[in-house]
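Structural features, examined
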Amino acid sequence: MRKYTDRELKEFGLAPDRIPKHIAIVMDGNGRWATGRGLPRAAGHRAGVNALRDIIRFTSDIGVESLTIYAFSTENRKRPKDEIGILCGLLIEYFNREIDELHQNGVRIKSIGDLSWFPTAVQETVRAAERKTADNPGLKLNIALNYGGRAELVRAMRLALSETDEPDEAAISRNLYTADSGDVDLLIRTGGEERVSNFLLWQIAYAELYFTDVKWPDFTRDELIKALKDFAGRERRFGGLK
Ligand code: FPP
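Below: a short report on this structure. Note that the structure is a prediction, hence the values are computed from the model and not measured.

Rules used throughout
Residues numbered from 1 in each chain as written. Predicted model: local features only at pLDDT ≥ 70, side-chain atom pairs only at ≥ 80, totals over all residues. Heavy atoms only, no water. Helix = DSSP H or I, 4+ residues; strand = E, 2+ residues; numbered from the N terminus. Rg over C-alpha atoms; globule rule 2.2 N^0.38 Å. Buried < 20%, exposed > 50% of the residue type's maximum accessible area, 1.4 Å probe, protein only. Contact = heavy atoms within 4.5 Å. Near = heavy atom within 4 Å. Polar contact = N/O pair within 3.5 Å; in protein donor to acceptor, adjacent residues only side chain to side chain. Areas by Shrake-Rupley, 256 points an atom, 1.4 Å probe, with all protein chains shown as cover. 1 Å grid on protein atoms, 1.4 Å probe; cavity = no way out; pocket = protein on both sides within 12 Å on 5 of 7 lines; lining within 4 Å. Sits in = over half its atoms within 2 Å of the grid points. Nonpolar A, V, L, I, M, F, W, Y, C, P; charged D, E, K, R; others polar. Core = buried A, V, L, I, M, F, W, Y, C linked by side-chain atoms within 4.5 Å. Pairing = 2+ DSSP bridges. Expected span 1.5 Å × (residues − 1). Arc of directions from axis to C-beta. Points joined across faces, edges and corners; volume = space filled by probe spheres on them. Phe/Tyr/Trp six-rings, centres within 6.5 Å; stacked < 30°, edge-to-face > 60°.

Another aspect to go through is the overall build of the protein chain. Helix and strand counts for the protein chain stand at 8 helices and 6 strands. Secondary structure elements in the protein chain, listed N-terminal to C-terminal, are α-β-α-α-β-α-β-α-β-α-α-β-β-α. Relative to the compact-globule value of 18 Å for 242 residues, the protein chain shows a C-alpha radius of gyration of 18 Å, a close match. In terms of principal-axis extent, the alpha carbons of the protein chain reach across some 50 × 50 × 35 Å. Taken over 242 residues, the protein chain has a buried fraction of 48%. Put simply, of all contacts in the protein chain between residues at least 6 apart along the chain, 75% involve residues at least 24 apart.

Here we take up the site of the ligand. Around the ligand, 16 residues are found, and the nearest of them are D28, G31, R32, R41 and R79. Within the side chain of D28, an N or O atom sits 3.0 Å from an oxygen atom of the ligand. R32 is positioned with one of its backbone polar atoms (N or O) 2.7 Å from an oxygen atom of the ligand. Coverage of the ligand by the protein chains reaches 92% of its 620 Å² of free accessible surface. With respect to the detected pockets, the ligand is housed in the largest pocket. Secondary-structure elements contributing two or more residues to the shell around the ligand are α2 (30-35), α3 (41-61) and α4 (81-104). Across the shell around the ligand, the residue classes break down as 6 nonpolar, 6 polar and 4 charged.

Counting 49 residues, the largest nonpolar core has I25, I62, I109 and I188 as the members making the most contacts within it. For this core, the secondary structure elements donating two or more residues are β1 (22-26), α3, β2 (66-73), α4, α5 (120-133), β4 (140-147), β5 (186-189) and α8 (221-232). For this core, the leading source of residues is α4, giving 9 residues. Among all residues touching I25, those that are not within four sequence positions of it are I55, L67, T68, I69, Y70, I188, F199 and W216. One finds V26, Y70, L187 and F199 within the second-largest nonpolar core, a separate group that totals 13 residues.

The element β1 is extensively covered by neighbouring structure, given that 5 of its 5 residues are classed as buried. Burial along β1 is two-sided: the residues H22, A24 and V26 and I23 and I25 are all buried. Alignment of β1 against β2, held across 5 bridges, turns out to be parallel. Looking at β2, one finds that I23 is bridged to L67.

Look at helix α6 (residues 149-163): 21 Å from first C-alpha to last across 15 residues, which is about the 21 Å you get at 1.5 Å a residue. Among all positions of α6, only G149, E152, L153, A156 and A160 are buried. Relative to the axis of α6, the buried residues are bounded by an arc of 95° and lie together on one face. Summarising the geometry of α6, the exposed residues directed more than 90 degrees from the buried face are R150, R158 and S162. As for α6, its buried residues are in contact with β4 and α7 (169-173).

Right, let's get into the layout of surface pockets. If you add up the space inside the largest pocket, you get close to 710 Å³. Together, 31 residues line the largest pocket, and M27, N30, Y70, A71 and N76 are the ones closest to its centre. Of all the secondary structure elements, the ones that give two or more residues to the lining of the largest pocket are α2, α3, β2, α4 and β4. Residue composition of the lining of the largest pocket, grouped by class: 15 nonpolar, 8 polar and 8 charged.

The next thing to look at is the packing of aromatic side chains. Applying the stated rule across the entire model yields 13 aromatic pairs. Ring centres of F72 and F118 lie 5.3 Å apart, and the angle between their planes is 65°; this geometry places the pair in the edge-to-face category. Taken together, the residues F72 in strand β2 and F118 in the loop between β3 (108-112) and α5 connect sequence positions 46 residues apart. Assessed through its relative accessible area of 2%, F72 is described here as buried. Given a relative accessible area of 3%, F118 falls into the buried group.

Below, the structure written as structure tokens:
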């Protein structure tokens, strides 16, 4: 489903055999982006959704297989009701506006986390997007909504125990929300903090970590290309020797 040829990828400075299969992103810094401009935090989230649009399109076009984005953590439930309401509104707006184009581009949408906590309208919108795109062959877009890595692991372990008395690593892996996306190759966090924040704890065991001060609304495809070039230059040994 890749749109670009090897030659075009090289024009971006990207090595075709060094594109990560699975990228995960902590999209941090929306609030500070807005307040730094004297705008309400909601403006930052709105700008964040625009940034996301382009990043999804580009990752899909360069042939990344899976993109997992942290849209709402279990800890985000502690935010003021108003801000949660705004994020829910943006989510619905985003799906309504983007779903047709995502579908045409073969993107398969899946939410990860406990969706049942959200208002019915959010649940219905997300489920409809999942159903519509379920059989698509392109980018697997996992959207973490009310997601926590430890909660995912507890869930996976319980499910694995219902299959077998002595679950092994494979049994845990296949019961994760992201089972069909596999391990994360590259974890990106924008916004200047260098933390994992309970995101994909199992899946990032051997991920390369990339932190940038750039706030999420300013994370353009050029910034992603920087991260991808950095990734391409890393030597991945997975605990072995070269
Ligand atoms: C972190 O910025 C960002 C979030 C908590 C939400 C991310 C959500 C979006 C980009 C939009 C909604 C998602 C979709 C899929 C439509 P922050 O508020 O923590 O920023 P700060 O650290 O500067 O306060």
